[in-house]
Structures are given as C-alpha cells and as structure tokens.
Amino acid sequence: ASDCRKEGVVVSLGSIALHLKNDADEDKIDGIIDMLLNALKTPSEDVQSSVALCLSKLMKKGRTQKRIATLLNDLMNECIDGSSLASIRGAAYGISAAVKGSGIASLKKYEVVKRLEEACTSGTPNSKEGSLFCIEL
C-alpha cells in the first residue's frame, strides 16, 4: 500500500512539473526533479519505473539541461558503486530516463557507454552487476 501511495505521489509531482512553464518556476522544477531522483532509491520497481517515466519527460524543463552532466555523473557513480540493490537498480532507471529525455547523443557526449564498458570489464562484481542493470534498462 505504501508503494502505491509513493507511486501516486511521484506521478503527481511529475505532472505538476510538466505544467510549470515560467522562468520563475525553474527552482520548483529543479526541486521536483531532486525529489524524484531521491525516490529512485525506493526498493520498489513500480515506483522506480514511474519515476523514470516522469524524469524522461522533465529532462528538457527548467535548468535540467545545464545540470545533466552532474545528474548523470551522480547516477553513474550510484549505479556502479551503490551500496544496495535498490539504489543500484534505481540509478539504472535514472540513467535510462536521463538519456531518453536528453537524447541518444548524450550517451556519447557524457561517455555513458564508455564508463559502463569499463565497469563491465574491469570492475568489482557489484559494479559489473550495476552496469548490466543500466544496459538492460
């Protein structure tokens, strides 16, 4: 029941952010995106997939395009070096949403594939698992 409520809140927050259009609302959009990124750590695949769906639509709103490099870097670090399976899987969902929302060219621009390949070939077992989760999604 808690997961259903959290999923509903995620969808509501994402919908609210989609309808904000003024430059004055950029802080609100950034705050909502940060809340959604924190929700990715929830150990529920339904919640994580809902967050990813909302995030992909929000990648071109507000100041997100200016923050995409740091967002992807943080998500990559969490995906490769995460402490729990839920946070690793959530980071993989976040990376897929960020790439989907900002365009396929972001894979090369931010060296996502290169970092995933390095983690797959020469990383720890946990980093290999995280990189494969990211490739899967």
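Residues numbered from 1 in each chain as written. Predicted model: local features only at pLDDT ≥ 70, side-chain atom pairs only at ≥ 80, totals over all residues. Heavy atoms only, no water.

### Overview of the overall build of the protein chain
What the protein chain contains, in helices and strands, is eight helices and zero strands. By the compact-globule yardstick of 14 Å for 137 residues, the protein chain fits well, its C-alpha radius of gyration being 15 Å. Projected onto its principal axes, the C-alpha positions of the protein chain cover 45 × 40 × 20 Å. A total of 137 residues make up the protein chain; the buried ones form 44% of that total. For the protein chain, the proportion of contacts with a sequence separation of at least 24, taken over those separated by at least 6, is 65%. Looking at the protein chain as shown, the accessible area adds up to about 7500 Å², and 55% of this sits on carbon and sulfur atoms. One finds the centroid of the 18 positive side-chain charges in the protein chain at a distance of 5 Å from the centroid of its 18 negative side-chain charges. (Helix = DSSP H or I, 4+ residues; strand = E, 2+ residues; numbered from the N terminus. Rg over C-alpha atoms; globule rule 2.2 N^0.38 Å. Buried < 20%, exposed > 50% of the residue type's maximum accessible area, 1.4 Å probe, protein only. Contact = heavy atoms within 4.5 Å. Areas by Shrake-Rupley, 256 points an atom, 1.4 Å probe, with all protein chains shown as cover. Lys, Arg positive; Asp, Glu negative; His and termini not counted. Charge placed at Lys NZ, Arg CZ, Asp CG, Glu CD.)

### Some points on the pattern of salt bridges
Applying the stated criterion to the full structure yields seven salt bridges. For Arg67, the salt bridge is made with Asp34, and the minimal N-O distance between the two is 2.5 Å. Residue Arg67 is located in helix α4 (residues 64–81), and its partner Asp34 is located in helix α2 (residues 26–39); the two are separated by 33 residues in the primary sequence. The partner of Arg89 in a salt bridge is Glu136, with the nearest N and O atoms 3.1 Å apart. (Salt bridge = Lys/Arg side-chain N within 4 Å of Asp/Glu carboxyl O.)

### Some thoughts on the environment of Val10
Along the chain, Val10 falls in helix α1 (residues 2–19). Among the residues examined, Val10 registers a relative accessible area of 3% and is labelled buried. Expressed as a C-alpha distance, the spacing of Val10 and Met35, which sit 25 residues apart in the sequence, is 8.7 Å. What Val10 contacts, discounting residues up to four positions off in sequence, is Leu36, Ala39, Val47, Ser50, Val51 and Cys54.

### A closer look at the side chain of Arg67
Using a relative accessible area of 19% as the deciding quantity, one classes Arg67 as buried. Of the polar contacts made by the side chain of Arg67, one reaches the side chain of Asp30; its length is 3.4 Å. Here Arg67 is in contact with Asp30 and Asp34, once residues within four sequence places are set aside. (Polar contact = N/O pair within 3.5 Å; in protein donor to acceptor, adjacent residues only side chain to side chain.)

### Things to note about the confidence of the model for the protein chain
Overall, the prediction assigns the protein chain a mean pLDDT of 84, with 99% of residues at 70 or greater. The least confident element of the protein chain, judged by mean pLDDT, is α1 at 82; the most confident is helix α5 (residues 85–102) at 89. (pLDDT = per-residue confidence, 0-100.)

### Topic: the packing of α1 against helix α3 (residues 45–58)
Two elements in contact, α1 and α3, have axes separated by 9 Å at closest approach and are oriented at 5°. Taken together, the axes of α1 and α3 are roughly parallel relative to one another. Judged by residue contacts, Asp3, Lys6, Glu7, Val10, Val11, Gly14, Ala17 and Leu18 of α1 engage Asp46, Val47, Ser50, Val51, Cys54, Lys57 and Leu58 from α3. Looking at the contact of α1 with α3 residue by residue, the classes come out as eight nonpolar, two polar and five charged. (Axes fitted to C-alpha atoms, helices over the stretch in contact; angles between N-to-C directions. Parallel < 35°, antiparallel > 145°, perpendicular 65-115°, else oblique. Nonpolar A, V, L, I, M, F, W, Y, C, P; charged D, E, K, R; others polar.)

### Description of α5
Taking 1.5 Å of rise per residue, 18 residues should cover 26 Å, and α5 covers 26 Å from first to last C-alpha, within 8% of that figure. Extensive coverage of α5 is indicated by the burial of 15 of its 18 residues. (Expected span 1.5 Å × (residues − 1).)

### Some details on unusual backbone geometry
One non-glycine residue, Glu111, lies in the positive phi region at around 55°. You can see Glu111 is positioned in the loop between α6 (106–109) and α7 (112–122). With relative accessibility at 42%, the residue Glu111 sits in the partly exposed group.

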